[in-house]
Amino acid sequence: MRWKQVLTIPCLLAGMGFFAGRVVAGPQERSEGRPPAAPGPAPSEPASRRQEVVRTDPTGAPSPERILDQPARHGAGYAVARIPLYPLIGLGKGFERGLRAVEEHHLIEKQAFAAKWLAERHMQLLFGGLGTGAGMAVGINFFDNHPEGRFRWQVPLRISNANYQQFETAVSYSFLPKHRLFIEGRARYRNRPQEDFFGLGPSSAVAGRSNFQLQDRGIGGAIGSEFAPGARVDFSFRYVNANVGPGRDAEYGDTAALFPALPGLARGSALLLYGVSAVYPRLDNPLDPHRGLRLRARFLRADSRNADNFNFYDYGAAGDIYIPLGGPRTLALRGIADFRSPRNGGAVPFYALPFLGGGSTLRGYREFRFYDNNALLFNAEYRWRVWKLADLVGFFDAGQVAPSLPALDADRFRQSYGGGLRFRGATGVMLRFDVGHSREGTRYYISFSPEF
Amino acid sequence: MGVSVENSIAGTLALRRACLLAFALVCALAGSAVEAQKKKLPKALDVDFDMNHIPEPRERRDSQYYDFFDSSIFEQVQQAFDLPRYFRKKASLNVNASDQVPDSSWFTNRNGRRSMTAEEIARGAHTGAGPDTSGPWTIVGRKPSGISPGFRIRDAAGVTYFVKFDPQQVHELATGAEVVANQLYYAAGYNTPETYIARLRPEQLVVGEGARFIDENGIERPLTGQDVARILDQVQRLPDGRLRVVAKKMLAGVPKGPFQFVGVRRDDPNDWIPHEHRRDLRGLRVVAAWLHDNDVRERNTLDMYVTEGGRSFLRHYLIDAGSALGSETLFPNTDRVGFAYILDWGEVGKATAALGAYQPWWHGRTQVAFPSIGYIESGRFEPRRWKANFPIVAFENMSTADGYWAAKIVMSFTDPQVRAAVAAGQYSDPRAAEYLAQVLMDRRDRIGRYWYRRAGALDNFRAAAGPDGSALVFDDLAVDRGFAEPAERRYRYRLLGVHRHWQDVGQTSRSVPLHPATVATGQSAAELQVELQVRDAAESRWSPAVTVFLRPGASGLQVAGWLRSAE
């Protein structure tokens, strides 16, 4: 053992001295003292081309001197320290080529031109818009929404990578300018092949996850008034025919098998819904609000059009408030109350019940985590700008579902909290990253629209 | 009992090993510390001949989008792994024995070496009278890059220029800034294109046959008169209907893309010195701060493959100063300019940590005294804190010695020279021109005051014979320029290898006595190295040391050169 200890000392001294000397000394001292050497071949050039460097004038006179006798080189420690960066450097090279291609081929300008070209032909590409749990959706919208025109129509068609589909048609006619009195007609087909379901009620178990397929077709209309920009009140009606089938996600069981007694499972439903609704926004910037409020309310009556006793009231209210806190800070608050009230001993099809969970409601819980007749939701977000194009948020969500209004209890709110990052563009929030945590774990969300 | 004895022995051995390791570390560091005291004088070269003939390199393609990510994110991460830079600033590599930058394909000593006349300052890089406006200008294409409207034209004499206009409502802002900053960059020593102000009637612009451009939809197509008219509708016109333009003469040679502020160009065998360690590029930070040129970046540089003296090589240019002074090209500077990067991680960190309670002090403060000048002022200008739009590695590597070198160049510009450069901008309002000149002069003085005091500004070393032998005499430029009071200055020195401790120089003396035994005419005495420092009486911190090298000459010791500490 003793001879090892004796050798250790000089080895340590040599190693420490080498490293410390390289660290403390500057590159000038490092490069001097070596014999001058011809520069090595440039990696991008064949060795033969490197030797074409003419070290004399064409007249043969010796070339003047360089301030350094040879190329400066970094020490060995620098190269070693950079080793962990090599994968990143490779990624960076690929990223550079991609961005260079975008610029050299003017892809951003061409994309804007394509959007303008499509708009001139009454078309628009769509991204997202199929709601929570549907995956990444794309689509196309055929439309004519001329602000001065009295007749407007649009036909948005969407499909997602999870094979969710939604096809709609909407037409409206204004009897008075600025949509002061209008009528609307709408038709919609939806196919949602793997909707999650954990059971009814606030105590549903996360282990009881199942999935079902929902297909519905609806047609309806409305008559109303837009009494201010974005503010409207209307009387609407719609007929919706829904079918339920086995979910396409083989990883989880079929809802019909796990919850056979759910209303609406056996034969779907055929409902006629009619009632009034109103929206009132008063925001400084609807696309990126920092001050103001937005209120929504509805009261609908649902009558079953087949033998099932699916007769109920569908009513609720929602309010968003944005409070500027000075400087780059905003407090955004939202409250939602969503109720279904069976009539005459009837029931509500389970897929028509309000739900909580997911990136738009309780962000620490899975999508569609809690279903029941009544739902309350409160969200609070503290938003502050950290960069010209980016905001950080901290949020707190609280919500509960209950079978009846008396069952709603202040002690039964499910809570989640977390933070997020928002990237903004000219049209508001363009990209949202959220991380939400609850007693059931942590969930991550990416979305192209703000939560509220 | 036996177990406790074994543990005791093991513990003792472990303690001994720890002591040995600590001793080894101390020895190594001490050894390396001793090694650092040995200094070697750089070469006494006036020209770093990086202009040898090279084969024609490929054109380097860049992306301004990637430039943003690279400078703001990737390079910052890479530099964070450069561990030695945390312990010691790396000295610039292209410094000669006089602490100057030799002439090269990057830089030519001009006003810093010899005071230029006002006419030379105003002329800048011009080799002629500028674009010929006596006849039509043929448009051969749109400007290849940049956000301001412009064309590539051939003037009435057939010479090619890139022309840019002033956007509406900001008359003279971009054109004036570009010319003024360009002339000052040239006089400071950087390579710039010939840049002129010209006036012409719109009908003189005619579309050349075969002229093509990339329109606003990203589609390449022939340029038409309607396109030109649409572009000219967006630009400012003079009261008589003419257009005022800035015209940059096309540089001689073949363009090979921009140069980077870090690394070397692999296909240029002359490029030996990593750009982040070139003093001319590091010091550019000071000159850019003076001119408030926040858009210094890779995109606004250009390597040209030129042929001179039978040799073909790359010459390196700064090509776009349209965002200098108070201009942001299309509008006056915003409040952020000069105080924070476009993506400033420091500001983001403060805003994040403060949960929104942090507001930058410069936020919302813009005072445009004259629209043609834009937003530039000197009252809040802090030379050390000035920032370009993007982090630049070479700027971050700038040492005090680099800053001092550049500050001397900036300080070399006299008031008449500054006014001559401003006059080149041809501002129609003389009050605006005078305002700009005053701001530049004030910013110049602030740069001098800061860097001269920080670096110590001991300069112009020379040996002089004294009654007791030779003496090393020096100037204190901070005192000479009025940035420090002579009575407040304290100097100290030590002869390396002779003195173990610092010696005081007399309070008002700028002379270091040299030991007679070391000064013997005709003796081949060893090289003498004298370290000097200075501080103000009220300060505790001494300036970075400057080491003066003296060698025996025919009439005694002669100053061979000096080397400033890279702090």
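In this text, all values refer to a predicted model and were calculated from it rather than measured experimentally.

When you go through chain A residue by residue, the secondary structure sums to 7 helices and 19 strands. Taking all 452 residues of chain A together, the buried fraction comes to 41%. For chain A, contacts bridging at least 24 residues in sequence account for 55% of all contacts bridging at least 6. Of the accessible surface of chain A, which amounts to about 23,400 Å², a share of 62% is contributed by carbon and sulfur atoms.

For chain B, the count of helices and strands is 14 helices and 18 strands. In chain B, which comprises 567 residues, the proportion classed as buried is 56%. Of all intrachain contacts in chain B linking residues separated by at least 6 positions in sequence, the fraction that spans at least 24 positions is 70%. Here chain B displays about 23,400 Å² of accessible surface, and carbon together with sulfur accounts for 54% of that area. Separation of charge centres in chain B, based on 71 positive and 67 negative side chains, amounts to 3 Å.

Remark on secondary structure: sheet strands pair via backbone hydrogen bonds, oriented parallel or antiparallel. Residue and element names in this part refer to chain B. As summarised here, the arrangement of the 7 strands in space is E4-E7-E3-E2-E1-E5-E6, forming an open sheet in which the pairing is mixed. At either end of the open sheet lies a strand with only one pairing partner, and these are strand E4 (195-200) and strand E6 (220-222). Neighbour to neighbour, the strand axes of the sheet diverge by 30 degrees on average, direction disregarded. The pairing of strand E1 (residues 137-142) with strand E2 (residues 150-154) spans 4 bridges and is antiparallel. Across the sheet, residue Thr-138 finds its bridge partner in E2, namely Arg-154. Contacting E1, E2, strand E3 (160-165), strand E5 (205-214), E6 and strand E7 (243-249), helix H6 (residues 225-232) crosses the sheet at an angle of about 90 degrees to E5.

Quick look at the sheet that holds strand E9 (residues 301-308) of chain B now. Residue and element names in this part refer to chain B. Spatial strand order, E8-E9-E10: 3 strands in an open sheet with antiparallel pairing. At either margin of the open sheet sits one strand with a lone partner, and together these are strand E8 (254-255) and strand E10 (311-318). The pairing of E9 with E10 spans 8 bridges and is classified as antiparallel. Directly across from Thr-307, in E10, lies its bridge partner Ser-312.

This paragraph deals with the pairing of strand E16 (residues 390-402) of chain A. Residue and element names in this part refer to chain A. Most of E16 is tucked away, with 11 of its 13 residues classed as buried. Pairing analysis gives 13 bridges linking strand E15 (residues 374-387) to E16, with the strands arranged antiparallel. Directly across from Phe-378, in E16, lies its bridge partner Ala-398. Where E16 meets strand E17 (residues 414-425), 10 bridges bridge the pair, whose relative direction is antiparallel. Considered in E17, the bridge of Ala-398 is made with Gln-415.

Here we come to a nonpolar patch on the surface. Residue and element names in this part refer to chain A. Side chains of Phe-151, Val-171, Tyr-173, Phe-175, Leu-176, Leu-181, Ile-183, Ile-223, Phe-235, Phe-237, Val-276 and Phe-299 sit close together on the surface and give an oily, nonpolar patch of about 1,000 Å² of accessible area. When contributions to the nonpolar patch are tallied by element, the ones reaching two or more residues are strand E4 (165-174) and strand E7 (231-246). Within the fold, Phe-151 resides in strand E3 (residues 151-160). Since its relative accessible area comes to 47%, Phe-151 is described here as partly exposed.

Another point: the side chain of Asp-295 of chain B. Residue and element names in this part refer to chain B. Along the chain, Asp-295 turns up in the loop between helix H8 (284-291) and E9. Overall, the relative accessible area of 12% leaves Asp-295 in the buried class. Within the structure, the side chain of Asp-295 is placed 3.0 Å from the side chain of Arg-297, a separation counted as a polar contact. A distance of 3.4 Å separates the side chain of Asp-295 from the side chain of Asn-389, its partner in a polar contact. The contacts of Asp-295, once residues within four sequence positions are left out, are Asn-300, Ser-323, Asn-389 and Phe-390.

Quick look at the confidence of the model for chain A now. Residues and elements named next belong to chain A. Confidence along chain A averages 86 in pLDDT terms, with 86% of residues attaining 70 or more. Averaged pLDDT values for the elements of chain A fall to 31 in helix H2 (residues 27-31) and rise to 98 in strand E11 (residues 312-324). Per-residue pLDDT stays below 50 along residues 17-54; that stretch engages in 59 contacts with residues further than four places along the chain or on separate chains.

The next thing to look at is the nonpolar core. Residues and elements named next belong to chain B. If you look at the biggest cluster of nonpolar residues, it comprises 87 residues, and the most contacted ones within it are Tyr-185, Leu-440 and Leu-532. The leading source of residues in this core is helix H13 (residues 430-455), at 11 residues. The contacts of Tyr-185, once residues within four sequence positions are left out, are Tyr-190, Thr-192, Leu-284, Val-287, Ala-288, Leu-291, Asp-293, Val-296, Leu-318 and Ala-321. Ile-139, Val-163, Ala-198 and Val-235 belong to the second-largest nonpolar core, a separate cluster that totals 21 residues.

Residue and element names in this part refer to chain B. Structurally, the position occupied by Asp-227 is in helix H6. We classify Asp-227 as buried; its relative accessible area is 3%. In the structure, Asp-227 is positioned 20 residues away from Val-207 in sequence and 9.7 Å away in space, judged by C-alpha atoms. If we skip the residues at most four places from it in the chain, Asp-227 touches Phe-213, Arg-221 and Pro-222. Among the polar contacts made by the side chain of Asp-227, one reaches the side chain of Arg-230 at a distance of 2.7 Å.

Geometrically, a packed helix pair is captured by the angle between its two axes and the distance between the axes. All names here are of chain B. Close contact between H8 and helix H11 (residues 400-411) brings their axes to 8 Å; oriented N to C, the two are set at 45 degrees. Between H8 and H11, the crossing angle belongs to the class labelled oblique. Where H8 crosses over H11, the two elements pack in a sense that is right-handed. Residues Val-286, Val-287 and Trp-290 of H8 form the contact with H11, whose own contacting residues are Gly-403, Ala-406, Ala-407 and Val-410. Counted by class, the contact of H8 with H11 contains 6 nonpolar, 1 polar and no charged residues.

This next bit is on the pattern of salt bridges. All names here are of chain A. Across all of its chains, the model carries 79 salt bridges over all chains by this definition. Linking Arg-296 and Asp-320 is a salt bridge whose minimum nitrogen-to-oxygen distance equals 3.4 Å. One end of the pair, Arg-296, is in strand E10 (residues 292-304); the other, Asp-320, is in strand E11, and 24 residues separate them in sequence. Assessed through its relative accessible area of 30%, Arg-296 is described here as partly exposed. Among the charged side chains, a salt-bridge network with shared partners connects Arg-363, Glu-381, Arg-383, Asp-397, Arg-422, Arg-432 and Asp-434.

In a regular helix each residue adds 1.5 Å, so 17 residues correspond to 24 Å; helix H2 (residues 64-80) of chain B covers 23 Å between its end C-alpha atoms and thus fits that length. The sharpest bend along H2 of chain B measures roughly 45 degrees and falls at Asp-70 of chain B. Regarding H2 of chain B, the residues found buried are Tyr-66, Asp-67, Phe-68, Asp-70, Ser-71, Ser-72, Glu-75, Gln-78 and Gln-79 of chain B. Residues of H2 of chain B that are buried in the fold lie against helix H4 (76-82), helix H5 (86-104) and E15 of chain A together with helix H3 (84-87), helix H9 (345-353) and helix H10 (393-396) of chain B. Near the N-terminus of H2 of chain B, the side chain that reaches the backbone nitrogen of Tyr-65 of chain B, with its oxygen 3.3 Å away, is that of Ser-63 of chain B.

For any pair of aromatic rings, the description consists of the separation of the ring centres together with the inter-plane angle of the planes. Residues and elements named next belong to chain B. One pass over the full model with this rule turns up 44 aromatic pairs over all chains. Aromatic side chains Phe-68 and Phe-390 sit 6.0 Å apart centroid to centroid with 70 degrees between the ring planes, which places their arrangement in the edge-to-face category. Here Phe-68, found in helix H2, pairs with Phe-390, found in the loop between H9 and H10; they are 322 residues apart in sequence, far enough to count as distant. Here Phe-68 falls in the buried class, since its relative accessible area comes to 17%.

Residues and elements named next belong to chain B. Among the structural elements, Ser-104 can be located in the loop between H3 and helix H4 (118-123). Owing to a relative accessible area of 3%, Ser-104 belongs among the buried residues under this scheme. A distance of 3.1 Å separates a polar side-chain atom of Ser-104 from the backbone nitrogen of Trp-106. Apart from residues no more than four positions distant in its own chain, Ser-104 is found in contact with Asp-48, Asp-50, Met-51, Arg-278, Asp-280 and Arg-315.

All names here are of chain B. Across 8 bridges, the pairing between strand E17 (residues 546-553) and strand E18 (residues 556-564) is antiparallel. Bridge pairing in E18 links Thr-547 to Leu-563. Connecting the antiparallel pair E17 and E18 is a turn made up of 2 residues.

Here helix H6 (residues 107-120) of chain A is 14 residues long and its end C-alpha atoms lie 19 Å apart, about the 20 Å a rise of 1.5 Å per residue gives. His-122 of chain A sits one or two positions beyond H6 of chain A and adopts a positive phi of about 60 degrees.

So, on to the packing of H11 of chain B against H13 of chain B. Residue and element names in this part refer to chain B. Following both chains from N to C, one finds H11 and H13 inclined at 145 degrees, their axes separated by 9 Å at the closest point. By crossing handedness, the relation of H11 to H13 is classed as left-handed. Residues Thr-400, Gly-403, Tyr-404, Ala-407, Lys-408, Val-410 and Met-411 of H11 lie in contact with H13, whose contacting residues are Arg-444, Asp-445, Ile-447, Gly-448, Trp-451, Tyr-452, Arg-454 and Ala-455. Tallied by class, the residues present in the contact of H11 with H13 amount to 8 nonpolar, 3 polar and 4 charged.

Cut-offs used in this document
Residues numbered from 1 in each chain as written. Chains lettered and ligands numbered in written order. Predicted model: local features only at pLDDT ≥ 70, side-chain atom pairs only at ≥ 80, totals over all residues. Heavy atoms only, no water. Helix = DSSP H or I, 4+ residues; strand = E, 2+ residues; numbered from the N terminus. Buried < 20%, exposed > 50% of the residue type's maximum accessible area, 1.4 Å probe, protein only. Contact = heavy atoms within 4.5 Å. Areas by Shrake-Rupley, 256 points an atom, 1.4 Å probe, with all protein chains shown as cover. Lys, Arg positive; Asp, Glu negative; His and termini not counted. Charge placed at Lys NZ, Arg CZ, Asp CG, Glu CD. Pairing = 2+ DSSP bridges. Axes fitted to C-alpha atoms, helices over the stretch in contact; angles between N-to-C directions. Patch = residues over 30% accessible without salt bridge, like charges linked within 9 Å, V, L, I, M, F, W, Y side chains within 5 Å. Salt bridge = Lys/Arg side-chain N within 4 Å of Asp/Glu carboxyl O. Polar contact = N/O pair within 3.5 Å; in protein donor to acceptor, adjacent residues only side chain to side chain. pLDDT = per-residue confidence, 0-100. Core = buried A, V, L, I, M, F, W, Y, C linked by side-chain atoms within 4.5 Å. Parallel < 35°, antiparallel > 145°, perpendicular 65-115°, else oblique. Left-handed = near helix turned anticlockwise from the far one by under 90°. Nonpolar A, V, L, I, M, F, W, Y, C, P; charged D, E, K, R; others polar. Expected span 1.5 Å × (residues − 1). Bend = angle between axes of the 7 residues up to and from the residue. Phe/Tyr/Trp six-rings, centres within 6.5 Å; stacked < 30°, edge-to-face > 60°.

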